Structures are given as structure tokens and as C-alpha cells.
There are 2 protein chains.
Amino acid sequence: MSGDLRDASSAGVTGPSSRSDEIARSWDANAGAWTRAVRERSIESRRIATDAAIVETVVARAPRRVLDVGCGEGWLCRALGAEGIDTVGVDGSAALVEAARDAGGEFHHVSYDELTTSPASVGLSRFDAVTCNFSLLADDVVPLLRVLATMLQEDGAVIIQTVHPWIARGEAGYVDGWRTETFATCAEHFAEPMPWYFRTLASWVETLLRAGLTIERIVEPLNPTTGEPLSLIIVAARAGETDRSTS
Amino acid sequence: MSGDLRDASSAGVTGPSSRSDEIARSWDANAGAWTRAVRERSIESRRIATDAAIVETVVARAPRRVLDVGCGEGWLCRALGAEGIDTVGVDGSAALVEAARDAGGEFHHVSYDELTTSPASVGLSRFDAVTCNFSLLADDVVPLLRVLATMLQEDGAVIIQTVHPWIARGEAGYVDGWRTETFATCAEHFAEPMPWYFRTLASWVETLLRAGLTIERIVEPLNPTTGEPLSLIIVAARAGETDRSTS
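Throughout, residues of each chain are indexed from 1 in the direction in which the sequence is written. Here chains are named by letter from A upward and ligands by number from 1 upward, in the order in which they appear as written. Reporting in this predicted model follows two pLDDT cut-offs: at least 70 for local features of residues, and 80 or more for side-chain atom pairs to be given and counted; totals over whole chains, interfaces and linings ignore these cut-offs and use all residues. Just so you know, side-chain values use all the structure's heavy atoms and leave hydrogens and water out.

Student: Please give an account of the pattern of salt bridges that cites residues and values.
Tutor: Residue and element names in this part refer to chain B. One speaks of a salt bridge when a side-chain nitrogen belonging to Lys or Arg is within 4 Å of a carboxyl oxygen belonging to Asp or Glu. This model, assessed by the stated rule, comprises 18 salt bridges over all chains. For arginine 64, the salt bridge is made with aspartate 128, and the minimal N-O distance between the two is 3.8 Å. In this pair, arginine 64 sits in the loop between α3 (44-59) and β2 (65-69) while aspartate 128 sits in strand β5 (residues 127-133), placing the two residues 64 residues apart along the sequence. Relative accessible area decides the class of each residue, using a 1.4 Å probe on protein chains only: under 20% of the type maximum gives buried, over 50% gives exposed, and in between gives partly exposed. In this structure arginine 64 comes out as exposed when scored by relative accessible area, which is 65%. Comment: elements are numbered from the N terminus, with helices defined as DSSP H or I runs of at least four residues and strands as E runs of at least two.

What follows is the structure, given as C-alpha cells:
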């Protein structure tokens with residue numbers, strides 16, 4: 001859900017226990033500024049590459065039904081809807097879900113904790129794809145991803161777009177850890193900074209495997225001017241039913 | 001097999017057809033300089049990080065029998081042998097295989113083409129791991145990897161160490177293509193430059209999937225001084241027998 005985390009600096013914070021609450025609070029506090037930033041397309045990386053990249057990656061799989069987790073004000077749901085894909089959005093911020101509903105579409109106000117413990121809260125049907133577009137921001141996303149995997153059709157995929165680890169590592173270096181997004185590159189005034197958890201490529205791969213997912217495809221959208229990757233998109237499917245180690 | 005490709009520059013060459021021959025010729029021409037560079041540990045990235053990283057990654061899987069493809073003068077075979085692992089080396093350079101045999105161990109002089117068409121040329125037993133330590137240098141490595149996958153035990157893995165795509169992209173930018181290794185950072189005099197094919201992360205993942213392999217683990221050895229990743233290690237297992245798309 002975040003816009004451009006590349007300028008985040010190390011926060012030097014410890015103790016992950018309250019970070020999820022802090023993330024949730026920041027989205028409520030920043031809901032208005034965020035909605036304007038997305039709808040006015042003022043976040044450059046999204047405008048020049050990453051918005052189109054996530055849409056193309058989803059559309060390439062020709063899904064009929066998609067769940068967008070951390071949908072924010074709903075732009076991805078609307079973009080996929082315009083491609084004829086039945087898309088449901090879910091977000092933990094009541095203010096963002098309200099903004100999303102105002103623009104039309106099916107949205108549920110459900111926190112990640114609620115979604116993890118009660119996936120049926122967004123309906124009982126299975127999805128051809130579940131998208132997490134810059135919306136996995138906590139340190140432990142394995143329980144959520146494990147549940148999202150169960151919400152997939154047999155040939156479905158979880159499609160994650162996140163900051164490119166190599167570009168986004170920041171001053172804290174290429175190691176997992178908490179960072180702080182200040183939204184300094186956004187024109188709008190954001191009321192609160194947001195903590196987010198940086199993960200190396202190796203850590204992303206381990207996280208997915210622990211959630212029972214295997215990587216099917218990687219997409220690295222480039223900045224058309226500089227040639228630098230602006231994000232990392234991971235398409236991950238449920239690990240095969242066959243356990244190779246015992247077969 | 002290459003040492004430190006990070007300083008390679010774009011060669012501006014086209015036409016991949018003769019590149020494999022050129023790669024093979026360069027290893028024969030550079031065999032003496034290469035053997036000295038490895039045995040005198042004069043390649044910094046290997047000394048400070050990547051040698052230990054590939055050994056640790058292999059040992060962590062507790063394999064009994066390993067095939068090292070592109071073994072060069074044989075150091076990895078000897079290092080794994082010292083850990084009690086039965087390791088066989090194969091290389092396309094007669095001069096390097098001779099140097100490897102001089103230091104002791106089981107080595108076969110077999111080109112990648114021969115290995116691809118006649119995998120039994122290195123024996124009929126299956127391996128718990130197949131290593132490719134900086135030794136996948138051609139543009140199309142899918143046929144070779146597909147054959148290596150068939151040489152694995154059920155729970156075996158192909159373990160590839162390569163230059164880190166985000167660091168090694170060089171002036172040609174973050175796009176697949178041929179580069180030239182000049183060995184300029186090595187103290188020894190190398191007779192010939194070597195063409196090698198640069199692959200983005202996305203391209204590596206696609207290559208593995210096309211070869212019937214799925215990624216089980218990624219390791220990114222860091223330079224202990226700068227914190228930059230010095231290489232990318234990919235541990236890949238045979239894709240499950242279950243085809244999810246039809247099950």
C-alpha cells in the first residue's frame with residue numbers, strides 16, 4: 001500500500017510487538033493524503049512503472065477473481081475491474097475502505113490479524129490470484145501468507161509487489177530490519193511516518209517457502225530513464241502437494 | 001568457474017553461436033593463470049566470502065555424493081572432500097582437469113555439450129547435489145540444467161553460485177546480455193578475455209523454471225567490509241511431480 005519507500009531511512013528502533021499497530025494507525029492518519037497521492041498520480045515510481053507492472057502481471061495470468069490485500073483507496077481493484085476481472089479489496093484502514101467504496105466496488109474493512117484468523121470474512125470463494133501491492137509491511141508475514149495460500153484456487157498465485165531490495169536497502173544496508181517511511185517524496189502532507197520491515201531477497205524467498213509458496217516468476221520493473229529496478233514483483237504458487245523429501 | 005566478474009564491461013558483441021566455443025577456448029588459454037589465482041587465493045571476493053559460502057551451503061544439506069560442474073582446477077571438490085563428501089568434478093578444459101587430477105580426486109574431462117547429451121559420461125549414480133560455482137557462463141543454460149536435474153536424487157538440489165545480478169550488471173545496465181571478463185582485478189596475467197552472459201534475477205528464475213527446477217533457498221554472501229552482496233547462491237530442487245495446473 002505504501003508509495004515510494006526508497007527514501008526511507010533507518011529508524012534504529014527495536015521491539016516489533018507494537019509495530020503492526022503503528023503501521024495500522026499511520027494508514028488511518030494518512031488516509032486522506034494517501035488517497036489524494038494515489039488518485040492524482042503524484043508518486044513517480046507508480047506513475048512511470050510499478051502501477052502498470054502489477055496490472056500486467058496479474059492480467060497475464062487471466063484470473064477471473066482476484067483478492068487485493070491492503071487495497072488502500074482501491075485503485076488496483078478498479079484497474080483490474082476495468083480489465084474485466086472480478087476484484088475484491090480488503091484493507092485494515094476504515095478510512096481507506098470508505099474512500100474505496102466511494103469510488104465503487106466491493107471492499108471489506110478487515111485487519112490483517114482478522115484476515116489471518118478468519119479468512120472467510122472476505123467470502124468463501126477461492127481466488128485465482130491474491131495481490132499484495134506494497135502492502136506487506138510487517139516483520140512476520142508468514143501467518144498471513146499461509147492463509148492467503150489457502151484462499152487460492154489450485155492454479156492460483158499470490159502476487160506480491162514490494163520495494164526492490166537492492167534499491168530500497170537504504171543507509172542501514174543490505175540486512176533485514178525496520179525502516180521508517182517519511183513520505184518525504186510525496187507532495188501531500190502526511191501526518192505520520194510509517195514503520196516498515198525491510199527484507200533482503202534471500203529473506204523474501206525464505207518467507208515465501210515458510211508460507212508454503214514457491215516462486216513461479218519474478219518481474220523487476222525498470223525506471224525507463226535510469227534503467228534501475230523500481231520494484232520487485234514475486235508471483236508465487238502453492239507448493240506442490242507432493243513432498244519430494246518423502247516420495 | 002570465473003573469479004570476479006564484477007568489473008566486466010559490455011563487449012557490444014552480438015551473435016551467441018560461437019560464444020560457447022570462445023568461453024571454452026579462454027579457459028584452456030587461461031588455465032595456468034587461473035590455477036595459480038585460485039590456489040594462491042588471490043581473488044578477493046572468493047577469499048573473503050564466496051568460497052566459504054558455497055561450501056557452507058552445500059554442507060548444510062548434508063549430501064553424500066556431489067557433482068561439481070565446471071570444477072576448474074578442483075578446489076571445491078577438495079574442500080567438500082575435506083568435509084567427508086564424495087565429490088566428482090567435471091570440466092570442459094583438459095588443462096584444468098589435468099591440474100585438478102594432479103592435486104588428487106576424481107575428475108572427468110567432459111564438455112557441457114557432451115554432459116548435456118551423455119550425462120552417463122560422469123557415471124550412472126545419482127547425486128545428492130550438483131554444484132555450478134560461477135560456471136554457468138553461456139546464454140542458454142536450460143538444456144544443461146534440465147539434464148543436471150535428472151542426475152539428482154529425489155531430494156537432491158542444483159546449487160548455483162553466480163555473480164550478484166544487482167552488483168554485476170555493469171555499464172550495460174540491468175538487462176540480459178553478453179559481457180566480457182578481462183580478469184583485470186587478478187594479479188596473474190590472463191592470456192584471453194572471456195565472454196559471459198549476464199542474467200537479471202528475473203531471468204535466472206525463468207531459466208530455472210524452464211529447466212524444471214524450483215528455488216528452495218537463496219544465499220547472498222556479503223562483503224564483510226562494505227556490506228554489499230558479493231554473489232548470489234541459488235539452491236534449486238526438481239519441481240514436484242504434481243502439475244498444479246492440471247491437478
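Student: Give me the nonpolar core: which residues, what numbers.
Tutor: Core analysis: the biggest nonpolar cluster contains 146 residues, and A:Leu145, A:Leu148, B:Leu145 and B:Leu148 have the highest contact counts within it. Each residue touching A:Leu145, except ones within four places of it in the same chain, is listed here: A:Leu136, A:Val158, A:Ile160, A:Thr207, A:Leu208, A:Ala211 and A:Leu213. Nonpolar cores are built from buried Ala, Val, Leu, Ile, Met, Phe, Trp, Tyr and Cys residues. Side-chain atoms within 4.5 Å join them into one set. What makes two residues a contact is simply this: any of their non-hydrogen atoms within 4.5 Å.

Student: I'd love a proper account of the interface of chain A and chain B, names of residues and values included.
Tutor: The partner chain B presents 30 residues to the 32 residues of chain A that form the contact. As a working definition, buried area equals the accessible area (1.4 Å probe) given up by two parts on being put together, with both sides summed. With both chains or domains summed, chain A and chain B bury close to 2600 Å², and 59% of this area falls on carbon and sulfur atoms. Note that B:Glu228 is salt-bridged to A:Arg169, the shortest N-O span being 3.5 Å. Polar contact is the term for a pair of N or O atoms within 3.5 Å; when the atoms are in protein, one must be able to donate a hydrogen and the other to accept it, and sequence-neighboring residues count only if both atoms are side-chain atoms. The interface formed by chain A and chain B holds eight residue pairs in polar contact (both at pLDDT 80 or more) in total. The set of elements that each furnish at least two residues to the side of chain A that touches chain B consists of β6 (152-162), α8 (165-168), α9 (201-210), β9 (213-219) and β10 (232-238) of chain A. Three residue categories are used. Nonpolar comprises Ala, Val, Leu, Ile, Met, Phe, Trp, Tyr, Cys and Pro, charged comprises Asp, Glu, Lys and Arg, and polar comprises the others, including Gly. Its residues assigned to classes, the side of chain A that touches chain B shows 15 nonpolar, eight polar and nine charged.

Student: An account of the pairing of strand β4 (residues 106-109) of chain A is needed here, citing residue identities and associated values.
Tutor: All names here are of chain A. Here, a strand pair is defined by DSSP locating no fewer than two bridges between the strands. Where strand β3 (residues 86-91) meets β4, four bridges bridge the pair, whose relative direction is parallel. Within β4, the position partnered with valine 88 by the bridge is glutamate 106. Orient the strands so they point away from the viewer; a crossover is then right-handed if the path from the first strand over the helix to the second runs clockwise. As for the winding sense of the linkage, the β-α-β connection from β3 through helix α5 (residues 94-102) to β4 is right-handed.

Student: Could you give an account of the environment of B:Met194, with specific residues and numbers?
Tutor: Residue and element names in this part refer to chain B. Along the chain, methionine 194 turns up in strand β8 (residues 194-198). Given the relative accessible area of 0%, methionine 194 is considered buried. Considering only alpha carbons, one finds methionine 194 and arginine 179, 15 residues apart in sequence, at a separation of 8.4 Å.

Student: Before we move on, can you summarise the relation of the copies chain A and chain B with the specific residues and values?
Tutor: Superposing the copies works by least squares over the C-alpha atoms of residues that have pLDDT at least 70 in both of them. Of the transformation superimposing chain A on chain B, the axial component is 0.1 Å and the angular component is 180 degrees, with the fit at an RMSD of 0.0 Å. A rotation of that kind, with that shift, is consistent with a two-fold axis. An overlap of 91% is found between the interface residues of chain A and their copies at the interface of chain B, pointing to a shared contact surface.

Student: How would you sum up the side chain of A:Thr50? Please name residues and give values.
Tutor: Within the secondary structure layout, A:Thr50 lies in helix α3 (residues 44-59). Among residues more than four places away in sequence, those in contact with A:Thr50 are A:Ser45, A:Phe134, A:Gln161, A:Leu230 and A:Ser231.

Student: For the packing of helix α7 (residues 142-150) of chain B against helix α9 (residues 201-210) of chain B, give the residues involved together with the corresponding values.
Tutor: For any two helices packed against each other, one specifies the inter-axial angle together with the distance between the axes. Residue and element names in this part refer to chain B. In this description, a line fitted to the C-alpha atoms serves as the axis of each element, helices being fitted only across the stretch in contact, and the angle between N-to-C directions of two axes falls anywhere from 0 to 180 degrees. At a minimum axis distance of 8 Å, the contact between α7 and α9 shows a crossing angle of 50 degrees. The orientation of α7 with respect to α9, classified from their angle, is oblique. As α7 runs across α9, the sense of the crossing is right-handed. Taken together, the residues of α9 that come into contact with α7 (itself represented by Val142, Leu145 and Arg146) are Thr207, Leu208 and Arg210. Of the residues that constitute the contact of α7 with α9, the class distribution is three nonpolar, one polar and two charged. In what follows, roughly perpendicular refers to angles from 65 to 115 degrees, roughly parallel to angles under 35, roughly antiparallel to angles over 145, and oblique to any angle outside these ranges. Note on convention: near helix rotated counterclockwise from far helix by under a right angle means a left-handed crossing. Clockwise means right-handed.

Student: How would you sum up the pairing of β2(B)? Please name residues and give values.
Tutor: Residues and elements named next belong to chain B. With five of five residues buried, β2 is to be regarded as a mostly interior element. Of the two faces of β2, both are covered, the one formed by Arg65, Leu67 and Val69 as well as the one formed by Val66 and Asp68. Summarising the sheet, β2 and strand β3 (residues 86-91) pair through five bridges and their orientation is parallel. Of the residues in β3, the one forming a bridge with aspartate 68 is glycine 89. Handedness of the β-α-β unit built from β2, helix α4 (residues 75-82) and β3 comes out right-handed. Sheet topology note: the β2/β5 ladder contains three bridges and is parallel. In the sheet register, aspartate 68 faces β5, and the bridge partner there is threonine 131.

Student: Account for the sheet that holds β3(B), with residues named and values stated.
Tutor: Residue and element names in this part refer to chain B. As summarised here, the arrangement of the seven strands in space is β4-β3-β2-β5-β6-β10-β9, forming an open sheet in which the pairing is mixed. Both edges of this open sheet fall to β4 (106-109) and β9 (213-219), since each of them pairs with a single strand only. Adjacent strand axes in the sheet meet at a mean angle of 20 degrees, parallel and antiparallel pairs treated alike. Of the strands in this sheet, β2, β3, β4 and β5 touch α4, which is tilted by about 175 degrees from β3. The sheet contacts of α7 involve β2, β5, β6 (152-162), β9 and β10 (232-238), and relative to β6 the element is tilted by about 145 degrees.

Student: Please give an account of the sheet that holds β4(A) that cites residues and values.
Tutor: All names here are of chain A. The strand order across the open sheet formed by seven strands is β4-β3-β2-β5-β6-β10-β9, and the pairing between neighbours is mixed. Looking at the sheet topology across the chains shown, the edges are occupied by β4 and β9. Across the sheet, the mean angle separating the axes of adjacent strands is 20 degrees when strand polarity is ignored. Judged from the six bridges that link them, strand β5 (residues 127-133) and β6 form a sheet pairing that is parallel. Each bridged residue has a counterpart across the sheet, and for threonine 131 the counterpart in β6 is isoleucine 159.

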